[in-house]
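# Close look at the chain arrangement
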Amino acid sequence: MTDSALADHAGNERSSRRALLGAVVGGAAIALAGGRTASAAANSGLSADDLSTAESAIALELAARDLYDTAIAAGADGDVWHTMREQHESYAQRLAGISGSSAVGRDQSMFDQLSGDFDTSDPAAIALEVENQLAATHTALLGTVDDIGIAEAMASFVSMQSRHATVLATLSGRSDDFDALFVNPAVAAGTEA
């Protein structure tokens, strides 16, 4: 090959690589932009009951996130409050990703009922109650879902929220109360007597 032919071949190869890279990046952008639709289509086998359960759990997690935001705005400073806030948002996003739902609507009733109690720089006692109730609620919901992905996600939430409760029991001055540290007295939301 002549130098001119080699230069033309190299130029064509670079153009082809650029076109391929452009197609990959463009395809990724389209996939990300339509991620919800693609995810919902991929999960079309999800039962209506499982989808409803996932959406309810997402709403609870977003309400918990917003309750922690209320406490942070009221002066609850420290890594623990920010971490718990972020974890609840992550739980909602994880369920949204599995179910193809949207992680945007909180449980307004839960938020309205508890936001006044979280409007403090030290929400440890009320946060303990909320974490226990979330763990109890997710445990109850676990028995109603068929989708293994949703069940695995919710089981991991129960584990983490139980750990949150232990931390909050300590922060609320109950580190010597083994029941507060290791027993969840809460009942699932919606099942109160």
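Quick caveat, the model's predicted, so the values are computed rather than measured.

## Focus: the environment of Thr-166
Relative to the helices and strands, Thr-166 is located in helix α7 (residues 148-171). We classify Thr-166 as partly exposed; its relative accessible area is 27%. Spatially, the C-alpha atoms of Thr-166 and Glu-131 are 9.5 Å apart, while their sequence positions differ by 35 residues.

## Quick notes on the packing of helix α5 (residues 108-118) against helix α6 (residues 124-142)
For the pair α5 and α6, the least separation of the axes is 10 Å and the interaxial angle reads 150 degrees. On the basis of the axis angle, α5 is roughly antiparallel to α6. Here Met-110, Leu-114, Asp-117 and Phe-118 of α5 lie close against α6, whose contacting residues are Ile-126, Ala-127, Val-130 and Leu-134. Counted by class, the contact of α5 with α6 contains 7 nonpolar, no polar and 1 charged residues.

## Here's the deal with the nonpolar core
Looking at soluble globular proteins, one finds that nonpolar side chains tend to be buried together. Counting 23 residues, the largest nonpolar core has Tyr-68, Trp-81, Met-110, Leu-114, Phe-118 and Leu-168 as its most contacted members. Breaking this core down by element, the ones donating at least two residues are α3 (48-73), α4 (79-99), α5, α6 and α7. Not counting residues up to four positions away in its chain, the partners in contact with Leu-168 are Tyr-68, Trp-81, Met-84, Ala-124, Ala-127, Leu-128 and Glu-131.

## Re the confidence of the model for the protein
Looking at the protein as a whole, its pLDDT mean stands at 78, while 70% of the residues score no less than 70. Every residue in residues 13-44 is under pLDDT 50, and counting partners more than four places away or in other chains gives 12 contacts.

## Points about the environment of Gly-100
Assignment of secondary structure puts Gly-100 in the loop between α4 and α5. Judged by relative accessible area, which is 17%, Gly-100 ranks as buried.

## Structural notes on the packing of α3 against α4
The N-to-C vectors of α3 and α4 enclose an angle of 160 degrees; their axes lie 8 Å apart at closest approach. By the angle class used here, α3 and α4 are roughly antiparallel. For the pair α3 and α4, the sense of crossing is left-handed. Contacts between α3 and α4 involve Leu-51, Ala-54, Ala-57, Ile-58, Glu-61, Leu-62, Ala-64, Arg-65, Tyr-68, Asp-69 and Ile-72 from the first element and Trp-81, His-82, Met-84, Arg-85, His-88, Glu-89, Tyr-91, Ala-92, Leu-95, Ala-96 and Ser-99 from the second. Residue composition of the contact of α3 with α4, by class: 14 nonpolar, 3 polar and 5 charged.

## Concerning the pattern of salt bridges
Applying the stated rule across the entire model yields 6 salt bridges. The salt bridge involving Arg-85 is made with Glu-89; its shortest N-O contact spans 3.2 Å. Of this pair, Arg-85 and Glu-89 are both found in helix α4, 4 residues apart, which corresponds to roughly one turn of the helix. Here Arg-85 matches Glu-89 in class, with each residue buried.

## Here's the deal with the packing of aromatic side chains
The geometry of an aromatic ring pair comes down to the distance between the two centres and the angle between the two planes. Taken as a whole and judged by the stated rule, the model has 3 aromatic pairs. Note on Tyr-68 and Phe-118: the rings are 5.6 Å apart at their centroids and 80 degrees apart in plane angle, and the pair reads as edge-to-face. Taken as a pair, Tyr-68 in helix α3 and Phe-118 in helix α5 lie far apart in primary sequence, 50 residues in all. Phe-118 sits in the buried class, given a relative accessible area of 0%. Taken together, Tyr-68, Trp-81 and Phe-118 form an aromatic cluster joined through their ring pairs.

Criteria and cut-off values
Counting restarts for each chain: residues are numbered from 1 in the order of the written sequence. Confidence filtering applies because this is a predicted model: local features only for residues at pLDDT of at least 70, side-chain atom pairs given and counted only at 80 or more, and all residues used for totals across whole chains, interfaces and linings. The side-chain numbers reported here are obtained from all heavy atoms of the structure, hydrogens and water having been left aside. Strands are runs of DSSP state E lasting at least two residues, helices are runs of H or I lasting at least four, and both sets are numbered from the N terminus onward. Each residue gets one of three labels from its accessible area relative to the maximum for its type: buried under 20%, exposed over 50%, partly exposed in between, using a 1.4 Å probe on protein chains only. Under this scheme, a helix contributes an axis fitted over its contacting stretch, all axes are lines through C-alpha atoms, and angles between N-to-C directions fall in the 0 to 180 degree range. By the definition adopted for this analysis, an angle is roughly parallel if under 35 degrees, roughly antiparallel if over 145, roughly perpendicular if from 65 to 115, and oblique otherwise. Only heavy atoms enter the contact rule, under which two residues are in contact if any of them lie within 4.5 Å. Gly counts as polar in this scheme, as do all residues outside two lists: the nonpolar Ala, Val, Leu, Ile, Met, Phe, Trp, Tyr, Cys and Pro, and the charged Asp, Glu, Lys and Arg. What is meant by a nonpolar core is a set of buried Ala, Val, Leu, Ile, Met, Phe, Trp, Tyr and Cys residues, joined one to another through side-chain atoms within 4.5 Å. A residue's pLDDT is the confidence the predictor assigns to it, expressed on a 0 to 100 scale. By convention, the crossing between two helices is left-handed when the near helix turns anticlockwise from the far helix through less than a right angle, and right-handed when the turn is clockwise. In the sections that follow, a salt bridge refers to a side-chain nitrogen of Lys or Arg positioned within 4 Å of a carboxyl oxygen of Asp or Glu. Paired rings are identified among Phe, Tyr and Trp, the last through its six-membered ring, by centres lying within 6.5 Å, and are further divided according to the angle between planes into stacked (under 30 degrees), edge-to-face (over 60) and tilted (the rest).

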